[in-house]
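Summary of the model geometry
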Amino acid sequence: GCTDVAWSCNGSLVAAGYGFRNHTGWCEHRSTVGVWNIISRRLNSQKPDLALEVASCVECLAFHPSRPSILAAGLFSGEIKVWDVSGEEDTLLANSTVDDYLHREPISQIRWISDMRGRYQLAS
């Protein structure tokens, strides 16, 4: 089912993350983030303009506060992915890694945090 929804800062894009909420152990489900451009003349609510495949269930989503095409997702695996969703292709900008020595717990929330210079970083 749908696990989270996020709107871009200018209101033109909406993203929906999909996954399962009833995990009893490690997640081995492949999942998707769907992105729709709601001001597009060819809007089809049943088919996203962009489908981003991920290797684990999506737990949370967050669009960048001032760059409407930058989308971050937190996954059940502990990974965070960041895409530029301005085009029709999957443009992965950043991807955290998961191994025995790094974060392996589900990402339940992500937020873009501004520093004193107006630069943004992700916090989870």
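Residues numbered from 1 in each chain as written. Predicted model: local features only at pLDDT ≥ 70, side-chain atom pairs only at ≥ 80, totals over all residues. Heavy atoms only, no water.

**Some remarks on a nonpolar patch on the surface**
On the surface, V5, W7, I38, I39 and L43 cluster together to form a nonpolar patch covering roughly 500 Å² of accessible area. Secondary-structure assignment places W7 in strand β1 (residues 2-7). (Patch = residues over 30% accessible without salt bridge, like charges linked within 9 Å, V, L, I, M, F, W, Y side chains within 5 Å. Areas by Shrake-Rupley, 256 points an atom, 1.4 Å probe, with all protein chains shown as cover. Salt bridge = Lys/Arg side-chain N within 4 Å of Asp/Glu carboxyl O. Helix = DSSP H or I, 4+ residues; strand = E, 2+ residues; numbered from the N terminus.)

**Focus: the pattern of salt bridges**
What the rule picks out here adds up to three salt bridges. Measuring nitrogen to oxygen at the nearest pair gives 3.7 Å for the salt bridge that ties R42 to D49. Looking at D49, the relative accessible area reads 23%, which means it is partly exposed. Among the ionic pairs, K81 bridges to E79, the shortest N-O distance being 3.8 Å. (Buried < 20%, exposed > 50% of the residue type's maximum accessible area, 1.4 Å probe, protein only.)

**Notes on the sheet that holds strand β3 (residues 31-37)**
As summarised here, the arrangement of the four strands in space is β1-β2-β3-β4, forming an open sheet in which the pairing is antiparallel. Here the strands that pair on one side only, and so sit at the sheet edges, are β1 and β4 (50-54). Strand-to-strand twist across the sheet, computed as the mean angle between neighbouring axes with direction ignored, equals 15°. Sheet analysis places strand β2 (residues 13-18) next to β3, joined by five bridges and oriented antiparallel. Residue A16 lies in a different strand from β3, and its bridge partner there is G34. (Pairing = 2+ DSSP bridges. Axes fitted to C-alpha atoms, helices over the stretch in contact; angles between N-to-C directions.)

**Considering the pairing of strand β6 (residues 70-75)**
Of all six residues in β6, six are buried; the element is thus mostly enclosed. By the alternation rule, side chains of β6 split into I70, A72 and G74 and L71, A73 and L75, which are all buried. Taken together, the five bridges between strand β5 (residues 58-63) and β6 define a ladder with antiparallel strand orientation. Residue pairing across strands places V58 opposite L75, the latter belonging to β6. Hairpin connection of β5 to β6: six residues between the antiparallel strands. In sequence, β6 turns back onto strand β7 (residues 80-84) through a hairpin of four residues, with G78 there showing a positive phi of about 100°.

**Points about the environment of R104**
By the secondary structure assignment, R104 is in the loop between β8 (91-95) and β9 (111-114). Take R104: its relative accessible area is 35%, and that puts it in the partly exposed class. Along the backbone, R104 and E79 are 25 residues apart, and their C-alpha atoms lie at a distance of 7.7 Å. If near-sequence neighbours (up to four positions away) are discounted, R104 is found in contact with W26, S77, G78, V98 and D99. (Contact = heavy atoms within 4.5 Å.)

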